[in-house]
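# Secondary and tertiary structure notes
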Amino acid sequence: MLWERDLTQEDLNKVEQKLLSEIENNIKEYEKSRGNLIPILQMIQEKLKYLPKDSIEMVAKYLEINTCEVYGVATFYNQFRFNPPGNHPIKVCLGTACHVKGADIILENFERKLEILEGETTPDREFSIDRVACVGCCALAPVTMIGDTVQSHMAPSKVEGLILRFKIEKEMQEREKAKNETAI
Ligand code: FES
């Protein structure tokens, strides 16, 4: 899978380039019609998990429309994202129950600690931050999802510890990997 945790940035770029070439061929299966813009974007997002700049240009060229038009349509629908999801996608719930319990401060704290804004991904692709509407467990508000795990009763003070936990986990995995490689 594209976003495997042990892939390096270089590996990811190679995988992404390969998938982009495949996509270039897949696009040709669609009739050259503006009506196919959204299905093509959905196909790309399905494969890459986001819409890189190159893919937007590719679609515009194929459908013979302006790049701005493709961006315009893609940004209108919030199903599309323009940054790759991190290995640990962070979704901060900003629904009403979470909002009244300070979810916006939690979001700000994640942004500050990771030095990215919502909708962005850290350069190493470890973390991405998104705001979401109610995730359906208001009794546990404020709620943040990290991957599939619900972090209930979140507090701004818990943000640093959570990030640190993932970083330590990654370091331990890397050490383990290096140890196994030297043992071979
Ligand atoms: S508003 Fe956040 S879980 Fe419902």
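Conventions used here
- Residues numbered from 1 in each chain as written.
- Predicted model: local features only at pLDDT ≥ 70, side-chain atom pairs only at ≥ 80, totals over all residues.
- Helix = DSSP H or I, 4+ residues; strand = E, 2+ residues; numbered from the N terminus.
- Buried ≥ 20, exposed ≤ 12 C-beta atoms within 10 Å, placed from the backbone.
- Contact = placed C-beta atoms within 7 Å.
- Arc of directions from axis to C-beta.
- Pairing = 2+ DSSP bridges.
- Axes fitted to C-alpha atoms, helices over the stretch in contact; angles between N-to-C directions.
- Core = buried A, V, L, I, M, F, W, Y, C linked by C-beta atoms within 7 Å.
- pLDDT = per-residue confidence, 0-100.

## Topic: the overall build of the protein
Helix and strand counts for the protein stand at 7 helices and 4 strands. Moving toward the C terminus, one meets the helices and strands of the protein in the order α-α-α-α-β-α-α-β-β-β-α. Projected onto its principal axes, the C-alpha positions of the protein cover 55 × 50 × 25 Å. Going through the 184 residues of the protein one by one, you find that 18% of them count as buried. Residue pairs in contact within the protein that sit at least 24 positions apart in sequence constitute 61% of those at least 6 positions apart.

## Some details on helix H3 (residues 53-63)
Among the residues of H3, those classed as buried are Ser55, Val59 and Leu63. The arc that holds every buried residue of H3, seen down its axis, measures 60°, which confines them to one face. Facing away from the buried side of H3 by more than 90 degrees, the exposed set consists of Lys53 and Glu57. One or two residues past the end of H3 sits Glu64, with phi positive at roughly 55°.

## With respect to the sheet that holds strand E1 (residues 88-93)
Taken together, 4 strands build an open sheet; the order of strands is E2-E1-E3-E4 and the sheet is mixed. Edge positions in the open sheet fall to strand E2 (127-132) and strand E4 (149-151), since each of these has one partner strand only. For this sheet, the mean angle separating the axes of adjacent strands, direction not counted, is 25°. The sheet contact formed by strand E3 (residues 144-146) and E4 spans 3 bridges and is antiparallel. Bridge assignment links Ile146 to a residue of E4, and that residue is Thr149. Each of E1, E2 and E3 touches helix H6 (residues 103-114); the most contacted strand, E1, lies at about 150° to it.

## As for the nonpolar core
The biggest cluster of nonpolar side chains holds 16 residues, and the ones touching the most others in it are Ile90, Val92, Ala103, Ile106 and Phe110. Within the residue set of this core, elements represented by two or more residues are E1, H6, E2 and helix H7 (159-183). With 4 residues, the single largest contributor to this core is H6. If you look at the next biggest cluster of nonpolar residues, it comprises 8 residues, including Ile40, Leu41, Leu51 and Val59.

## Description of the environment of Glu111
Secondary-structure assignment places Glu111 in helix H6. If we skip the residues at most four places from it in the chain, Glu111 touches Ile116, Leu117, Glu118 and Ile129.

## Overview of the confidence of the model for the protein
Mean pLDDT over the protein works out to 90, with 93% of the residues at or above the 70 mark. Across residues 1-5 the pLDDT falls below 50, and counting only partners more than four positions away or on other chains, this stretch makes 8 contacts in the model.

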